[in-house]
Amino acid sequence: MSSYFRLMRVHHSIKNVLLFLPAVFSGALFDKNTLVLCICGFLAFSLVSSAVYVINDIKDAEKDRLHPTKCNRPIAAGKITKASAVIFAVSLVVMSTFVNLILCKSLTGFLILILYFLLNIGYSMGLKEIPLVDILILVSGFILRVLYGSAICGIPVSGWMYLTVMSASFYMGLGKRRNELSKNGSGTRKVLKFYTYEFLDKNMYICNALMIIFYALWC
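Residues numbered from 1 in each chain as written. Predicted model: local features only at pLDDT ≥ 70, side-chain atom pairs only at ≥ 80, totals over all residues. Heavy atoms only, no water.

## Describing the overall build of the protein chain
Of regular secondary structure, the protein chain possesses nine helices and zero strands. In the protein chain, the order of α-helices and β-strands from amino to carboxyl end is α-α-α-α-α-α-α-α-α. Radius of gyration (C-alpha) of the protein chain: 18 Å, near the 17 Å computed for a compact globule of 219 residues. Overall size of the protein chain, expressed as C-alpha extent along the three principal axes, is 50 × 45 × 25 Å. A burial count over the protein chain gives 45% of its 219 residues as buried. Considering only contacts in the protein chain between residues 6 or more positions apart, those separated by 24 or more positions represent 72%. Total accessible area on the protein chain stands at roughly 11,500 Å², and carbon and sulfur atoms take up 70% of it. Of the side chains in the protein chain, 22 bear a positive and 10 a negative charge, and the two mean positions are spaced by 4 Å. (Helix = DSSP H or I, 4+ residues; strand = E, 2+ residues; numbered from the N terminus. Rg over C-alpha atoms; globule rule 2.2 N^0.38 Å. Buried < 20%, exposed > 50% of the residue type's maximum accessible area, 1.4 Å probe, protein only. Contact = heavy atoms within 4.5 Å. Areas by Shrake-Rupley, 256 points an atom, 1.4 Å probe, with all protein chains shown as cover. Lys, Arg positive; Asp, Glu negative; His and termini not counted. Charge placed at Lys NZ, Arg CZ, Asp CG, Glu CD.)

## Regarding the nonpolar core
Ranked by size, the top nonpolar core spans 38 residues in total, and within it Val54 and Tyr148 carry the most contacts. Elements with a contribution of two residues or more to this core: helix H1 (2-8), helix H3 (32-59), helix H5 (82-104), helix H6 (107-124) and helix H7 (133-153). Among the elements that line this core, the one with the most residues is H3, at 12 residues. When near neighbours in sequence (up to four residues on either side) are disregarded, valine 54 contacts Leu7, Ile75, Ala85, Phe88, Ala89 and Leu92. Counting residues in each nonpolar core, the second largest holds 11 residues, with Ile143, Leu174, Val191 and Leu192 among its members. (Core = buried A, V, L, I, M, F, W, Y, C linked by side-chain atoms within 4.5 Å.)

## Considering the pattern of salt bridges
Counted under the stated rule, the structure contains 10 salt bridges. Ionic pairing is found between arginine 177 and aspartate 134, a salt bridge with its closest N-O pair at 2.6 Å. Here arginine 177, found in helix H8 (residues 159-184), pairs with aspartate 134, found in helix H7; they are 43 residues apart in sequence, far enough to count as distant. Per residue, the accessibility class of arginine 177 equals that of aspartate 134, and both read buried. A single network of salt bridges, built from pairs that share partners, joins Asp134, Lys176, Arg177 and Glu180. (Salt bridge = Lys/Arg side-chain N within 4 Å of Asp/Glu carboxyl O.)

## Considerations on H6
Side chains of residues three or four places apart in an α-helix project in the same direction, reflecting 3.6 residues per turn. Helix length check: H6 (18 residues) gives 26 Å between terminal C-alpha atoms against 26 Å at 1.5 Å per residue, within 8%. Listed in full, the buried residues belonging to H6 are Gly109, Ile112, Leu113, Tyr116, Phe117, Asn120, Ile121, Gly122, Tyr123 and Ser124. Its side-chain oxygen at 2.8 Å from the backbone nitrogen of glycine 109, serine 106 defines the N-terminal cap of H6. Positive backbone phi, at 150°, marks glycine 126, one or two positions downstream of H6. (Expected span 1.5 Å × (residues − 1). Polar contact = N/O pair within 3.5 Å; in protein donor to acceptor, adjacent residues only side chain to side chain.)

## Notes on the state of the cysteines
Should the sulfur atoms of two cysteines be covalently bonded, the bond is a disulfide. One pass over the structure, following the stated rule, counts zero disulfides. Among the cysteines around cysteine 40, which has no disulfide bond, cysteine 104 carries the closest sulfur, lying 5.1 Å off. Classification of cysteine 40 as buried rests on a relative accessible area of 15%. No disulfide involves cysteine 219; its sulfur sits 19 Å from that of cysteine 207, the nearest cysteine. The exposed category is assigned to cysteine 219, whose relative accessible area is 69%. (Disulfide = S-S within 2.5 Å.)

Right under this line is the structure:
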């Protein structure tokens, strides 16, 4: 069972707290119904994002076996078979759909989950090797979380929030690539050969400045 929890990468679910932002900044977070919807939405998004991680690990299993640390991932280490992992991924998507449609009762939320799933499957299947497109998909994941929180709670979101979250997301996406380039060089990801420290650093500074400006104007 512990191998399946590792396969889900439960610790990455912290990203999904972004869907609470519409409720937080509208002052509705501690409304009982809104809080319940947010918690159910958090569960639904965590399940579908875990399904994406499982599919990614299935695809990259052979490559991960050659990596010094990724070789310990459950599929690469042979603790979970690819067939079992496929069934598990499908189960996670079904559970996510159930939670969204039955508990959150949001058709718009369901469409956002599907869009997130498809974008990230595309990312796993090769879009991550296209410069800038890879970062755009990472950024879209954060924005879709905010949109999902807005959809399930029925809370409209300020344009300033989108601008602030988008700037912060670009900062983190660029930072992720810079960190990979710094630690492992351009050999671990094909897309890294298209990036330079100068490009990543300058754009991180710009995005960080924009995030502060947008948040200040929003306040």
